[in-house]
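Remarks on the overall topology
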Amino acid sequence: MGIFEKVFSRNKVHESGKALVSSKQRKGWGLSDSENKSRADLFKIYKQAYEQVALVTAIVDIQADQTVQEFFFEGPSEKKLSKWADKVNLVQFFHRITKMMLLYGNAYVELIKEKGEISEMKILNPIWIDAYRKSTGEVIGYSQIIGDKKLVLWGTTGDPNVDSAFVQKIKKFDHLVHFRHNVLGSEKYGRSIIQSIIQPINIKLDMESNLRKVVFKYVAPLIWAKVGSDQFPANSDIVDEISNTLTDLSAESEITTSHLVDLSVLEFNSKGMDIKTPIEHIESQIITGGQVPPVLLGRGGADKATAEVQLRSFGRHIKANQRELKNEFEDQIILGQEMGKENDKLIWSQSEEREKEVEIDMLRGLVTDGVITAQKANDLLQPRFREKLPEIEPLNQ
């Protein structure tokens, strides 16, 4: 069943083993520079990075766009699931939920039902949601806390005194679904793709905030004036006069001097370190952590062969994202909400046209070589490409 290790089945609670998977003393999220930060503080950092750093925006958006492709269902309930998917606009839901998973590592969905069928999947802000579980890993509840207001509790926190402080208490929480990204071990929360690059992002944010000062300081020319010569040494009054003239010099001013004054402009490299080097280093760290090939971010420099390798590697990474979303959806929605059977599956289409061409060419070759029949090849195609072929009568024995 993959990651389908649901604590609560349809009507029965299952024991989650005996070994501990968490410790109450451990409150950090694993980053040395964020051990003392609350989840709200971390999520604000993630959101700020997405909204203010174009590179981070591109990384999240590209991964989400590539992950959510066309899809179809296979299994005994495929017609029912396909009809329901169109009704609730499942494509848009997948795209939004994937962005939340990538950005925050977690996404929470409240399922609204009408006549026993899911009519709406309401995405909740993960900054407000807390999950509670026993030390053995058994999930016992979720809560929504906005600011200092404890609004809703689904299940229990494990402490009756804490439970009583919530405005609204709901015993069951099977209609609340928790999607997680990049879960390590038995941890109850997922991890944001931004978590590993917080430090370079903070440095880049500092660079962006100081860019105006840097541009003003280094783009404006710095004039070096040499006054006098060995034969005609300058006195302090003349030096001060030239200095005052240069101080008052504006962009379109003209200045006239005698042959005893030599003016020259200091280049940027004479004034300090080349700022291109640290910026490229920081952005390289962000790109590496974001796991999106530079060529997809509009950055050149790589030859065709290198770019091809990067794109193939990125394709495998996208398939891992799709597999993660597929498993969560099948386990918690199709099975968890009794919308289908165990052999009902969500199938993603290829993310690239060339993958479709390769697949079709491969099937054509297998048919031509007599390895498989045309009927078998037809069955292996995506539903939109399949057609009803005449049945082949068995040969007389």
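Cut-offs and rules
- Residues numbered from 1 in each chain as written.
- Predicted model: local features only at pLDDT ≥ 70, side-chain atom pairs only at ≥ 80, totals over all residues.
- Heavy atoms only, no water.
- Pairing = 2+ DSSP bridges.
- Helix = DSSP H or I, 4+ residues; strand = E, 2+ residues; numbered from the N terminus.
- Axes fitted to C-alpha atoms, helices over the stretch in contact; angles between N-to-C directions.
- Core = buried A, V, L, I, M, F, W, Y, C linked by side-chain atoms within 4.5 Å.
- Buried < 20%, exposed > 50% of the residue type's maximum accessible area, 1.4 Å probe, protein only.
- Contact = heavy atoms within 4.5 Å.
- pLDDT = per-residue confidence, 0-100.
- Expected span 1.5 Å × (residues − 1).
- Arc of directions from axis to C-beta.

1. A closer look at the sheet that holds strand β7 (residues 168-170)
Hydrogen bonds along the backbone pair up the strands of a sheet, which may run parallel or antiparallel. Spatially, the four strands line up as an open sheet ordered β4-β5-β6-β7, and their pairing is mixed. Across the chains shown, the open sheet's two edge strands, defined by having one partner strand only, are β4 (129-133) and β7. Pairwise comparison of adjacent strand axes, ignoring direction, gives a mean angle of 20° for this sheet. Here strand β6 (residues 149-155) runs beside β7; their pairing, made up of three bridges, is parallel. Residue Leu153 lies in a different strand from β7, and its bridge partner there is Lys169.

2. Here's the deal with the nonpolar core
Counting residues in hydrophobic clusters, the biggest one holds 58 residues, and the most contacted among them are Leu90, Phe94 and Phe179. If you tally residues by element for this core, the top one is helix α4 (residues 90-104), at nine residues. If we ignore the near neighbours within four places in the chain, the residues touching Phe94 are Val68, Phe71, Leu325, Phe329, Leu346 and Trp348. In terms of nonpolar packing, the next biggest core, distinct from the first, is built from ten residues, Leu124, Tyr142, Phe173 and Tyr189 among them.

3. A few points about unusual backbone geometry
Not every positive phi belongs to a glycine, and Asn89 is a case in point at roughly 55°. Looking at where Asn89 falls in the secondary structure, it is placed in the loop between α3 (78-88) and α4. Overall, Asn89 belongs to the partly exposed group, its relative accessible area being 38%. Located in the positive-phi region is Asn182, a residue other than glycine, with phi close to 55°. Topologically, Asn182 is positioned in the loop between β8 (176-180) and α6 (198-219).

4. Notes on the confidence of the model for the protein chain
When pLDDT is averaged along the protein chain, the result is 81; 79% of the residues meet or exceed 70. Across the protein chain, the element-wise mean pLDDT spans from 71 in strand β10 (residues 261-266) up to 96 in α4. Confidence drops under pLDDT 50 across residues 1-15; counting only partners more than four residues distant or on other chains, this segment forms 27 contacts. When the criterion is pLDDT under 50, residues 25-33 qualifies, and its contacts beyond four places in sequence or with other chains add up to 16 contacts.

5. What to know about helix α1 (residues 39-52)
Look at α1: 20 Å from first C-alpha to last across 14 residues, which is about the 20 Å you get at 1.5 Å a residue. Within α1 the residues assigned to the buried category are Arg39, Leu42, Phe43, Ile45, Tyr46, Ala49 and Tyr50. Viewed end-on, α1 has its buried residues packed into an arc of 155°, placing them on one side of the element. Exposed and oriented more than 90 degrees from the buried face of α1 are Lys44, Glu51 and Gln52.

6. Observations concerning the sheet that holds strand β3 (residues 117-124)
The three strands lie next to each other as β3-β2-β8, forming an open sheet whose pairing is antiparallel. The two strands at the open ends of the sheet, each matched to only one other strand, are β3 and β8. Recorded for the sheet is a direction-independent mean angle of 30° between the axes of neighbouring strands. Relative to β3, strand β2 (residues 106-114) runs antiparallel, the two being bridged by seven bridges. In the strand pairing of β3, Leu111 is matched with Met121. Packing against the sheet, helix α9 (residues 304-335) makes contact with β2, β3 and β8, and its axis sits at approximately 160° to β8.

7. A word on α3
The set of residues buried in α3 consists of Leu81, Trp84, Ala85 and Val88. All buried residues of α3 lie within an arc of 105° about the axis, which places them on one face of the element. Projecting away from the buried face of α3 at angles above 90 degrees are the exposed residues Lys79, Lys83, Asp86 and Lys87. Residues of α3 that are buried sit in contact with β1 (71-74), α4, β3 and α9. Of the residues one or two after α3, Asn89 is the one with positive phi, at around 55°.

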